[in-house]
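Each chain is listed here by its residues.
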Amino acid sequence: QVQLVESGGGLVQPGGSLRLSCAASGRIRSIDVAQWYRQAPGKQRELVATITTGNSPNYADSVKGRFTISRDNAKNMVYLQMNSLKPEDTAVYYCYGAIRTMTGPVSGYWGQGTQVTVSS
């Protein structure tokens, strides 16, 4: 059984920073693709950032230059550093992983989400 648990969300003022963490646990062989999504009230879930096994990051245009996705393969951790936060970044942020387990093929797993609120 694989689980993803996000942490690090909270309330921050515009222009501030937060660092989200996603901890993957279970019988994990590798995290082939890790992504951060977000969903604001009344809106569809959107892809924010992607990092692959080769550590090539991709970002939504709305966060380029402000957000940085990274990973620690040894710890099965994925991070999202968010700088210069704006009120429109307010959303529930979800971690998603395409994970290869010790005994099975690659499957997709979601975390439970962490709330980020940007407000003065």
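Scroll up for the structure.
Residues numbered from 1 in each chain as written. Predicted model: local features only at pLDDT ≥ 70, side-chain atom pairs only at ≥ 80, totals over all residues. Heavy atoms only, no water.

**Comments concerning the sheet that holds strand β3 (residues 18–25)**
What counts is decided by this rule: For two strands to pair, DSSP has to find at least two bridges joining them. Strands here mean DSSP runs of E at least two residues long; helices mean DSSP runs of H or I at least four residues long; both are numbered from the N terminus. Simply put, an axis is a line fit to the C-alpha atoms, just over the touching stretch for a helix, and the angle between two N-to-C directions goes from 0 to 180 degrees.
Spatially, four strands are ordered β1-β3-β8-β7 in an open sheet, and the strand pairing comes out antiparallel. Two strands in the sheet have a free side with no partner beyond their single neighbour: β1 (3–7) and β7 (67–72). Put simply, the sheet's adjacent strands are angled 15° from each other on average, direction ignored. Of the strand pairs in this sheet, β7 and strand β8 (residues 77–82) are connected by six bridges, and their pairing is antiparallel. The residue bridging S70 from the neighbouring strand is Y79, located in β8.

**Observations regarding the nonpolar core**
What counts, and what does not: Put simply, buried Ala, Val, Leu, Ile, Met, Phe, Trp, Tyr and Cys residues joined by side-chain atoms within 4.5 Å make one nonpolar core. The cut-offs for exposure are 20% and 50% of the maximum accessible area for each residue type, with area from a 1.4 Å probe on protein chains only; residues under the lower value are buried, those over the upper are exposed, and the others partly exposed. Residue contacts are defined here by distance: any two heavy atoms, one from each residue, within 4.5 Å place the two residues in contact.
Of all hydrophobic cores here, the largest spans 29 residues; its most connected members are W36, V48, F67, L80, M82 and Y93. Elements with a minimum of two residues in this core: β3, β4 (28–39), β5 (46–52), β7, β8, β9 (91–101) and β11 (114–118). Discounting residues that sit within four places of it in the chain, F67 has contacts with R38, V48, Y59, L80, Q81, M82, N83, L85, D89 and Y93.

**Focus on unusual backbone geometry**
Its identity as a non-glycine residue notwithstanding, N76 has a phi of 55°, on the positive side. Inspection of the secondary structure puts N76 in the loop between β7 and β8. Of the residues examined, N76 reaches a relative accessible area of 19% and is grouped as buried. For S84, which is not a glycine, the phi torsion comes out positive at approximately 50°. The topology assignment puts S84 in the loop between β8 and β9. Judged by its relative accessible area of 40%, S84 is partly exposed.

**Some points on the packing of aromatic side chains**
What counts is decided by this rule: For Phe, Tyr and Trp, where Trp contributes only its six-membered ring, two rings pair if their centres lie within 6.5 Å, and the inter-plane angle classes them as stacked under 30 degrees, edge-to-face over 60, or tilted in between. Charges are assigned to positions over rings by a cutoff of 6 Å between ring centre and Lys NZ or Arg CZ, combined with an angular limit of 35 degrees from the ring normal.
A full pass over the atoms with the stated rule returns four aromatic pairs. With 6.4 Å between their ring centres and 85° between their planes, Y37 and Y96 make a pair best called edge-to-face. With a gap of 59 residues between them, Y37 in strand β4 and Y96 in strand β9 connect regions that are remote in the sequence. Residue Y37 is classed as buried on the basis of its relative accessible area of 17%. Among the aromatic residues, ring-to-ring pairing joins Y37, Y94, Y96 and W110 into one connected group. The residue whose ring lies beneath R19 is Y79, and the NZ or CZ to ring-centre distance is 4.0 Å. Sitting above the plane of the Y94 ring, R45 keeps its charged end 3.7 Å from the centroid.

**Some words on the state of the cysteines**
Using the following cut-off: Our working definition of a disulfide is a cysteine sulfur pair at a distance within 2.5 Å.
Enumeration according to the criterion identifies one disulfide in this entry. With its sulfur 2.1 Å from that of its partner, C22 forms a disulfide with C95. Looking along the S-S bond of the C22-C95 disulfide, the torsion reads about -80°, which is the left-handed sense. Of this pair, C22 sits in strand β3 while C95 sits in strand β9, and the two are 73 residues apart along the sequence. Accessibility classification places C22 together with C95 in one group, the buried group.

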